[in-house]
Amino acid sequence: MELVLSLGIGVLAAAGIWLILRPRTFQVVLGLSLLGYAVNLFIFAMGRITVGAPPVLGVGPGMVSVDDPVPQALVLTAVVISFALTALFLVVLLAARGETGCDHVDGREPHEAEPDAGNPLP
């Protein structure tokens with residue numbers, strides 16, 4: 001179970017970083033979302049995943065059994081924040097697309113790039 005979870009976190013993080021490095025703004029927003037999902041899974045995994053055991057703390061004689069709310073609360077908070085951040089990124093993406101007319105992160109299409117020093121004519 002731990003191997004599957006760690007592979008899932010690694011794949012999500014790698015795909016998120018790869019998409020963040022792409023030239024289109026929508027791919028960057030999608031990469032940030034995937035990276036957020038990877039971080040959420042990582043935070044949830046820090047709650048000590050055990051297979052076949054109840055999600056409680058203090059199981060034993062003389063101890064009170066209570067749920068461990070910290071990983072769930074952190075992930076819930078992170079999900080809400082990432083949803084708001086994704087909505088903000090999409091609004092900024094649409095505004096930049098309307099302002100520049102393209103969806104590249106630098107605001108220019110590849111054919112509009114500055115000519116290289118060897119060939120000054122387009």
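Residues numbered from 1 in each chain as written. Predicted model: local features only at pLDDT ≥ 70, side-chain atom pairs only at ≥ 80, totals over all residues. Heavy atoms only, no water.

Moving on, we come to the pattern of salt bridges. In this structure the tally under the stated criterion is 2 salt bridges. As a salt-bridge pair, Arg24 and Asp103 come within 2.4 Å of each other at their nearest N and O atoms. Residue Arg24 is found in the loop between α1 (2-20) and α2 (25-45), and its partner Asp103 is found in the segment after α3 (70-100); the two are separated by 79 residues along the sequence. Taking relative accessible area as the criterion, Arg24 reaches 30% and is therefore assigned partly exposed. One salt bridge connects Asp103 with Arg97, and the closest N-O pair in it is separated by 3.9 Å. The exposure class of Asp103 is buried, given its relative accessible area of 19%. (Salt bridge = Lys/Arg side-chain N within 4 Å of Asp/Glu carboxyl O. Helix = DSSP H or I, 4+ residues; strand = E, 2+ residues; numbered from the N terminus. Buried < 20%, exposed > 50% of the residue type's maximum accessible area, 1.4 Å probe, protein only.)

So, on to the confidence of the model for the chain. With 71% of its residues at a pLDDT of 70 or more, the chain shows a mean pLDDT of 81. Looking at the elements of the chain, mean pLDDT is at its lowest for strand β1 (residues 56-57), recorded as 64, and at its highest for α1, recorded as 94. (pLDDT = per-residue confidence, 0-100.)

A few words now on the side chain of Thr25. By the secondary structure assignment, Thr25 is in helix α2. If we ignore the near neighbours within four places in the chain, the residues touching Thr25 are Leu93, Asp103, His104 and Val105. (Contact = heavy atoms within 4.5 Å.)

Our focus in this paragraph is the environment of Gly8. Relative to the helices and strands, Gly8 resides in helix α1. The sequence separation of Gly8 and Leu41 amounts to 33 residues, and the corresponding C-alpha distance is 8.5 Å.

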